[in-house]
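In case you want the letters, here they are:
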Amino acid sequence: MKGFDLNRLVRESVQKLQPYSSARDEYVSDGSEMLFLDANENPFDNGVNRYPDPYQRSLKSLLAEQKGVSESQILLGNGSDEVLDLIYRAFCEPNRDNIITLPPTYGMYKVLSGINAIENREVLLTSDFEPDVDEILKIVDANSKLLFICSPNNPTGNSFKGKGIEKLLESFNGIVVVDEAYIDFSKDESWLSQLDKYPNLIVTQTLSKAFGLAGIRLGICYASEGTIGVLNKIKPPYNVNQLTQQRALERVLNQDLVNQEVQQILKERTELIKALDSLEFVSALYPTDANFVLAKVDDANKRYQQLLDKQVVVRNRSTQPLCENTLRFTVGTPEENKKLIAILKELK
Ligand SMILES: *Cc1c(COP(=O)(O)O)cnc(C)c1O
């Protein structure tokens, strides 16, 4: 991206902001004999009586090493949802700016644009679920601040081709957010490796899917040092709690177990696809790079209800554009998958 100017994109109020300076900004415990009498905490140790590290240094240092980026290129949040919200609030002026989303895609982008009073300009994916690059570039204007690219995409499951994303990174005059919530299930390379090449690139990942930690809420944002600096300025000081930091650290250190589980999920996904493919009421299965499968069926409402009657909850995506009569199946454990397949085969 030529002549990229981060400051042109940052909201004026954020540029002028003097961020909150917390007690723990100045000192964190390093296990030595310091007396912390600065933050009005209860002094009696119960494991969580102290405020957490506002910059989550241990976790960031581990992620930085694993991903080959610098700690200053990472921001952590209370789930990707917080990370995404911070991105809106850093760059989009309410009632003036707009963002671009590419339905069918993750619903939170639209919800966040509503919350933040930002116009959401939608450009449908093509019929093979790829970004329509020419249409996107036609619809942007000087107030287009963010472009959301979800790859692998939810709910379609496919990864977008690199060429299209590259063209958008080179041509879009705002920030391109590549949401990689499902990247750990994909053979495609993460866009992380392109961070140094594209100052307008933000990559988000999460511990909610492959890492199996949806319950602790930990979202990750990778970007240029400048962009991370802006987001740090506006984030709540202690946005990632102590328990989350600890559990995330343990899990990220146990990469072998995560990889094993991902391999199992991918194996089960193959079984599920085979089973779905053999069903008469399934008319199409879409290629997936994620831990779910989108299937087109004869009558999604009917099939959804039939599964519900058998205590199986799937996601009916039929209201999404290009997704008429589709159900999204998350891949479960081998036992769950076996049950699901048996039930599917019994449906009349
Ligand atoms: C599940 C999901 C997330 C994860 O959100 P968290 O808040 O981190 O749990 C982000 N983006 C997409 C596209 C998702 O499907």
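Residues numbered from 1 in each chain as written. Predicted model: local features only at pLDDT ≥ 70, side-chain atom pairs only at ≥ 80, totals over all residues. Heavy atoms only, no water.

### Comments concerning the packing of aromatic side chains
- If you walk through the whole model with that rule in mind, you get six aromatic pairs.
- Centre to centre, the rings of Tyr106 and Tyr109 are 5.4 Å apart; their planes meet at 80°, and the pair counts as edge-to-face.
- Assessed through its relative accessible area of 25%, Tyr106 is described here as partly exposed.
- Residue Tyr109 is classed as buried on the basis of its relative accessible area of 1%.
- Note that Lys235 overlies the ring of Tyr55, its terminal NZ or CZ placed 5.3 Å from the centroid.
- Over the ring of Phe281 we find Arg303, and its NZ or CZ is 4.1 Å from the ring centre. (Phe/Tyr/Trp six-rings, centres within 6.5 Å; stacked < 30°, edge-to-face > 60°. Buried < 20%, exposed > 50% of the residue type's maximum accessible area, 1.4 Å probe, protein only. Lys NZ or Arg CZ within 6 Å of the ring centre and 35° of its normal.)

### Describing the domain arrangement of the chain
- Considered domain by domain, the chain is made up of domain 1 (6-253) and domain 2 (256-346).
- The straight-line distance from the C-alpha centre of domain 1 to that of domain 2 is 29 Å.
- Tallying the contact residues gives 24 residues for domain 1 and 21 residues for domain 2.
- Summed over both partners, the interface of domain 1 with domain 2 comes to about 1800 Å²; 63% of that surface belongs to carbon and sulfur atoms.
- Seen at the junction of domain 1 and domain 2, the total is one salt bridge.
- Two residues, Arg251 and Glu261, come together in a salt bridge whose shortest N-O distance is 2.7 Å.
- Inspection of the region where domain 1 meets domain 2 yields six residue pairs in polar contact (both at pLDDT 80 or more).
- Here the side of domain 1 that touches domain 2 is composed, by residue class, of 11 nonpolar, nine polar and four charged. (Domains from an automatic or database assignment. Contact = heavy atoms within 4.5 Å. Buried area = accessible area lost by both parts, 1.4 Å probe. Salt bridge = Lys/Arg side-chain N within 4 Å of Asp/Glu carboxyl O. Polar contact = N/O pair within 3.5 Å; in protein donor to acceptor, adjacent residues only side chain to side chain. Nonpolar A, V, L, I, M, F, W, Y, C, P; charged D, E, K, R; others polar.)

### Description of the site of the ligand
- Taken together, 13 residues lie around the ligand, and Tyr182, Thr206, Ser208, Lys209 and Arg217 are the ones closest in.
- A distance of 2.7 Å is found between an oxygen atom of the ligand and a backbone nitrogen or oxygen belonging to Ser80.
- Between the ligand and Asp179 there is a distance of 2.7 Å, counted from a nitrogen atom to a side-chain nitrogen or oxygen.
- Each residue belonging to the shell around the ligand can be placed in one class, and the counts come to four nonpolar, five polar and four charged. (Near = heavy atom within 4 Å.)

### Section: the pairing of strand 2 (residues 98-101)
- Covered by surrounding structure in strand 2 are Asn98 and Ile100 together with Ile99 and Thr101, the residues of both alternating faces.
- A crossover links strand 2 with its parallel partner strand 3 (residues 119-122), the connecting element being helix 6 (residues 108-115), and its sense is right-handed.
- Bridge analysis of strand 2 against strand 4 (residues 144-150) gives three bridges, and the strand direction is parallel. Residue pairing for strand 4: Ile100 is matched across the bridge by Leu147. (Helix = DSSP H or I, 4+ residues; strand = E, 2+ residues; numbered from the N terminus. Right-handed = clockwise from strand over helix to strand, strands pointing away. Pairing = 2+ DSSP bridges.)

### Overview of the packing of helix 5 (residues 79-91) against helix 6
- The contact between helix 5 and helix 6 brings their axes to 10 Å, and the two run at 45°. As far as their axial angle goes, helix 6 and helix 5 are oblique. As helix 5 packs across helix 6, the resulting crossing turns out to be right-handed. Of helix 6, the residues touching helix 5 (which contributes Asp81, Leu84, Asp85 and Tyr88) are Met108, Tyr109, Lys110, Leu112 and Ser113. (Axes fitted to C-alpha atoms, helices over the stretch in contact; angles between N-to-C directions. Parallel < 35°, antiparallel > 145°, perpendicular 65-115°, else oblique. Left-handed = near helix turned anticlockwise from the far one by under 90°.)

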